Amino acid sequence: MIRRGKEKIQLRYSAPKGIHDILPPDISIWQKTEATAKELFQKYGYQEIRTPIIEHTDIFIRSIGENTDIVEKEMYTFSDRAGRSITLRPEGTASVVRAFIEHNLQNFTSPQKFYYTGPMFRYERPQKGRFRQFYQIGVEAFGERHPTMDAEIITMLCSFMKAIGLEGINFELNSIGCEKCRPDYKNALLLFFKDKLDNFCPDCQRRYSLNPLRILDCKVERCIALRHGSPLIPEHLCDDCSNHFEELKERLRILQMPYTLNPELVRGLDYYTKTTFEATSNHLGSQKAVAAGGRYDKLVEEFGGPATPAIGFAIGMERLITLLMEKTNLLSPVPDCFIATIGKEAELKGLLLAEQLREKGYHVEIHYGGASLKSQLRRADRMDSRFVLIIGDDELRSGKIKWKNLKNKEQGEIEIEDISSILKNNLERY
Ligand code: ATP
Ligand code: MG
């Protein structure tokens with residue numbers, strides 16, 4: 001409530017549009033997913049890297065590409081107090097590449113493998129599966145150009161989906177060539193689209209001269225229809241890219257990793273070369289990509305670093321969580337024990353006892369003062385506590401404490417020093 005003159009104004013704040021809170025009990029799925037990723041990625045040699053949430057704007061323009069949706073219309077960019085242009089990161093790769101070069105990480109044993117988790121920011125139209133602040137778990141591997149690396153990273157993504165219990169994920173695969181074969185492909189595209197250009201959406205008309213590959217990524221219905229029969233990149237790959245692609249597919253077959261070839265998979269960022277891939281689900285509506293990635297063999301060099309091939313992917317957490325929610329029954333954590341107390345002396349005793357039981361690994365809730373025993377027990381019940389201890393004057397005098405198992409209604413009295421054993425017995429039986 002604020003006062004303006006005599007007027008009282010009721011303020012009701014909400015998070016900015018497209019930006020959401022993650023609350024309990026949902027948070028438990030997030031934590032479990034992140035923990036699974038961390039544990040699994042470490043088995044493949046990935047270590048965590050934490051880069052800042054803001055970077056110099058140039059870093060994103062140069063890596064993602066000037067004529068991409070992200071740079072053209074989705075970045076949160078502002079000037080800091082010294083007039084520098086700063087941007088909230090719209091994705092993770094550019095920052096990891098910047099850090100790789102800044103700290104000369106190429107000097108360490110190759111390949112260098114990193115994973116990160118955290119929020120990304122894009123000024124997009126909020127809708128199902130699309131937010132302005134969203135979370136990604138991503139990985140980046142530097143220093144290895146062999147297709148075995150591509151196979152390993154794609155398989156790792158698939159193992160992760162399995163480890164968190166997601167089934168029915170499709171892995172789409174493509175190769176978008178390199179600086180040698182792409183000009184030829186671009187020309188083939190320009191030729192094909194030339195006569196149809198007037199019918200494309202205004203964005204695609206612009207893309208035609210700036211970045212024709214982007215047309216393949218357009219989600220507008222009539223552009224999708226107009227693309228029908230367009231030249232396909234895999235048919236225009238140079239020998240090097242074509243061999244790389246074949247060797248990758250051979251390895252994925254050996255690993256029994258199912259995939260679908262999608263010759264239109266170009267991805268929305270400019271830095272990709274050769275392998276691109278996406279993990280998609282049919283349960284997400286039109287925002288069906290849960291994870292996406294690819295090789296970016298030139299980016300480190302373009303950033304002024306040493307020539308270093310690299311590959312990575314990013315998982316969109318919100319879309320992943322949506323899929324997990326469909327099959328998870330979320331439960332809030334329940335206390336093992338509630339300590340109800342009557343009077344100040346008992347309250348102090350309860351406070352200390354709670355600490356001792358927590359040290360032994362139990363989740364313990366206490367009474368904070370003031371309330372009657374009846375209302376304390378009501379609170380224990382509402383929290384669904386499995387066990388209650390009651391300390392009052394009589395208990396303090398006799399040195400014995402009343403206990404009650406709220407699940408099977410058994411109760412009794414116990415010496416203070418035996419509490420943890422009775423708690424253990426009762427919780428095991430529960
Ligand atoms: P899309 O085609 O869905 O816009 P993208 O090509 O922009 O995806 P990437 O930049 O490759 O996506 O990001 C990797 C993953 O991050 C996506 O597959 C998706 O799961 C997630 N993601 C991207 N943008 C958003 C967003 N605005 N809100 C929620 N998740 C997102
Ligand atoms: Mg996008």
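Residues numbered from 1 in each chain as written. Chains lettered and ligands numbered in written order. Predicted model: local features only at pLDDT ≥ 70, side-chain atom pairs only at ≥ 80, totals over all residues. Heavy atoms only, no water.

1. Notes on the overall build of the protein chain
Here is the rule we go by: The helix and strand labels rest on DSSP assignments: H or I over at least four residues marks a helix, E over at least two residues marks a strand, and numbering proceeds from the N terminus. Accessibility here uses a 1.4 Å probe with only protein chains present; expressed as a share of the type maximum, an area under 20% marks a residue as buried, one over 50% as exposed, and anything in between as partly exposed. The contact criterion used is simple: two residues touch if any of their non-hydrogen atoms lie within 4.5 Å. Per-residue and other accessible areas were derived by the Shrake-Rupley procedure at a 1.4 Å probe size, with only the shown protein chains allowed to occlude residues. When charges are tallied, Lys and Arg are placed among the positive residues and Asp and Glu among the negative ones, while His and the ends of the chain are skipped. Note that the charge is assigned to NZ on lysines, CZ on arginines, CG on aspartates and CD on glutamates.
Counting its regular elements, the protein chain contains 15 helices and 18 strands. With the principal axes as the frame, the protein chain shows a C-alpha extent of 95 × 70 × 45 Å. Buried positions account for 47% of the 430 residues belonging to the protein chain. Within the protein chain, counting contacts between residues at least 6 apart in sequence, those at least 24 apart form 69% of the total. Carbon and sulfur atoms make up 49% of the accessible area of the protein chain, which totals about 22600 Å². Placing the 62 positive and 60 negative side-chain charges of the protein chain at their respective mean positions leaves the two points 5 Å apart.

2. Structural notes on empty space enclosed by the protein
How we decide: Only protein atoms enter the 1 Å grid, on which a cavity is a set of points fitting a 1.4 Å probe that cannot get out and a pocket is an open set with protein on both sides within 12 Å along at least 5 of 7 lines, lining residues being those with an atom within 4 Å of a point. Grid points are joined across faces, edges and corners, and a volume is the space filled by probe spheres set on the points. Residues were grouped as follows: Ala, Val, Leu, Ile, Met, Phe, Trp, Tyr, Cys and Pro as nonpolar; Asp, Glu, Lys and Arg as charged; and all remaining residues, including Gly, as polar.
Applying the stated criterion across every chain, the model contains 1 cavity of 30 Å³ or more. Forming the walls of the largest cavity are Ile154, Phe171, Glu172, Leu173, Leu252, Tyr259, Phe277 and Glu278. Secondary structure elements with two or more residues in the lining of the largest cavity: β9 (170-175) and β11 (273-280). Examining the composition of the lining of the largest cavity, we find that 3 residues originate from one element, β9, more than from any other. Considering only residue class, the lining of the largest cavity consists of 6 nonpolar, no polar and 2 charged.

3. A few points about the sheet that holds strand β3 (residues 47-48)
Adjacent strands of a sheet pair through backbone hydrogen bonds, lying either parallel or antiparallel. Heads up, the rule is: At least two DSSP bridges between two strands are needed for those strands to be called paired. Axes here mean lines fitted to C-alpha atoms, for a helix over just the part in contact, with angles spanning 0 to 180 degrees between N-to-C directions.
As summarised here, the arrangement of the 8 strands in space is β3-β7-β8-β13-β12-β11-β9-β10, forming an open sheet in which the pairing is mixed. The open sheet is flanked by β3 and β10 (260-261), the only strands paired with a single partner. As paired elements, β11 and strand β12 (residues 289-295) share 6 bridges and run antiparallel to each other. Bridging across to β12, Phe277 finds its partner in Gly293. Against the sheet, helix α1 (residues 27-43) touches β3, β7 (112-121), β8 (133-142) and β13 (310-316), its axis set at about 5° to β8.

4. Section: the sheet that holds strand β15 (residues 364-366)
Ordered in space as β15-β14-β16-β17-β18, the 5 strands form an open sheet in which the pairing is mixed. The outermost strands of the open sheet, each flanked by one partner alone, are β15 and β18 (411-415). Mean inter-strand twist for the sheet, computed between neighbouring axes without regard to direction, equals 25°. Here 4 bridges tie strand β16 (residues 387-391) to strand β17 (residues 400-405), and the two strands are oriented antiparallel to one another. Its bridge partner lying in β17, Phe387 is registered against Asn405. The sheet contacts of helix α13 (residues 373-382) involve β14 (337-341), β15 and β16, and relative to β14 the element is tilted by about 170°.

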